[in-house]
Amino acid sequence: MSTPQRRMVRATRQIGLFHQPEPKVAGIVLAAGSSRRMGQPKQLLPFRGRTVIERVVENALTSSLQRVIVVLGHEAERIKPLLEESNVTTVINSAYETGQSSSLKAGLNAIPASFDAALFLLGDQPLVTAETIDLILASFAESRPPIVIPTFDGQRGNPVLFSRETFPLMDTLIGDCGARTLFQEYAGRIRSIEVQTPAILMDLDTEEDYRRLLARL
């Protein structure tokens, strides 16, 4: 979605044609992992003149998200200074070694009660642009399903949006299961949105992943 298109959507909502106010969505960047398979903090890898985590945060801030929360854990003392000049809220997850569910809950706990949904972004997906984020937000605004998942060529990717309706169940998650359990719970009500970029499928788990990312540039 281009900048003029985003402005048009906002203006249309403001004059009441959507019959409800624009939903408030917070972005939660999950960046607490220890990058064991990479062998070094992937959040700090160089990418387009900055680091991977800085580019992820920049894309989130450029989008229509109304708040951006970054969950840190491993190497937080090295990553947090990089974000101090950005308009983000940083949350330290001291229990990050227990699995991704602890980061999900740490991020949710930082969302104000007035917000309608959370969009979980991976801290190692620097090619997910503001335009892709805004397509997901627009899809949620149309009918407010409990979950919105982007797809490319029939494959589900990230970031994934979860409405406040799902938060209580998410709070019961444990270990490293992430939020996939919720996909089963809300299977009949999930909204999929096809995007035109494979970036939603690309994360950085290994050095080979990183080399492929740089080769795309």
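Residues numbered from 1 in each chain as written. Predicted model: local features only at pLDDT ≥ 70, side-chain atom pairs only at ≥ 80, totals over all residues. Heavy atoms only, no water.

Draft legend 1. A look at the packing of aromatic side chains. Counted according to the given criterion, the structure contains two aromatic pairs. Both rings, one in Phe-120 and one in Phe-162, keep their centres 5.8 Å apart while their planes meet at 70 degrees; by these two values the pair is edge-to-face. Of this pair, Phe-120 sits in strand S6 (residues 117-122) while Phe-162 sits in strand S9 (residues 160-163), and the two are 42 residues apart along the sequence. We note that Phe-120, like Phe-162, is buried. Their ring planes at 5 degrees and their centres at 6.2 Å tell us that Phe-162 and Phe-183 sit as a pair that is stacked. On the criterion of sequence distance, the pair formed by Phe-162 in strand S9 and Phe-183 in helix H7 (residues 180-185) is long-range, its members being 21 residues apart. In textbook terms, an aromatic cluster arises when at least three aromatic residues are bridged by ring pairs, as seen for Phe-120, Phe-162 and Phe-183. A cation sits over an aromatic face here: Arg-156 above Phe-183, 5.4 Å from the ring centre. (Phe/Tyr/Trp six-rings, centres within 6.5 Å; stacked < 30°, edge-to-face > 60°. Helix = DSSP H or I, 4+ residues; strand = E, 2+ residues; numbered from the N terminus. Buried < 20%, exposed > 50% of the residue type's maximum accessible area, 1.4 Å probe, protein only. Lys NZ or Arg CZ within 6 Å of the ring centre and 35° of its normal.)

Draft legend 2. Broad picture of the nonpolar core. Within the largest apolar cluster, 36 residues are counted, with the highest numbers of intra-cluster contacts made by Val-25, Val-29, Leu-65, Val-70, Leu-119 and Leu-161. Put simply, the parts of the chain that give this core at least two residues each are strand S1 (25-31), helix H2 (52-62), strand S4 (67-72), helix H3 (76-79), S6, helix H5 (130-143) and helix H8 (207-216). With five residues, H2 is the largest single contributor of residues to this core. Other than its neighbours up to four places away in sequence, Leu-65 contacts Val-25, Ala-26, Gly-27, Ala-60, Leu-119, Leu-121, Ile-133 and Leu-137. In this structure, Ala-32, Val-71, Leu-122 and Tyr-186 belong to the second largest nonpolar core, which totals 27 residues. (Core = buried A, V, L, I, M, F, W, Y, C linked by side-chain atoms within 4.5 Å. Contact = heavy atoms within 4.5 Å.)

Draft legend 3. How the structure looks around the side chain of Gln-125. Looking at the element boundaries, Gln-125 is found in the loop between S6 and H5. Engagement of the side chain of Gln-125 in a polar contact is seen with the backbone oxygen of Met-202, the distance being 3.2 Å. Apart from the residues within four sequence positions on either side, Gln-125 is in contact with Val-56, Asn-158, Pro-159, Ala-199, Ile-200, Leu-201, Met-202 and Asp-203. (Polar contact = N/O pair within 3.5 Å; in protein donor to acceptor, adjacent residues only side chain to side chain.)

Draft legend 4. Highlighting the side chain of Arg-55. Along the chain, Arg-55 falls in helix H2. Residue classification places Arg-55 among the buried residues on the basis of a relative accessible area of 16%. For Arg-55, the side chain forms a polar contact with the main-chain oxygen of Arg-48, separated by 2.4 Å. Those residues in contact with Arg-55 that lie beyond four places of it in its chain are Phe-47, Arg-48, Gly-49, Arg-50 and Pro-126.

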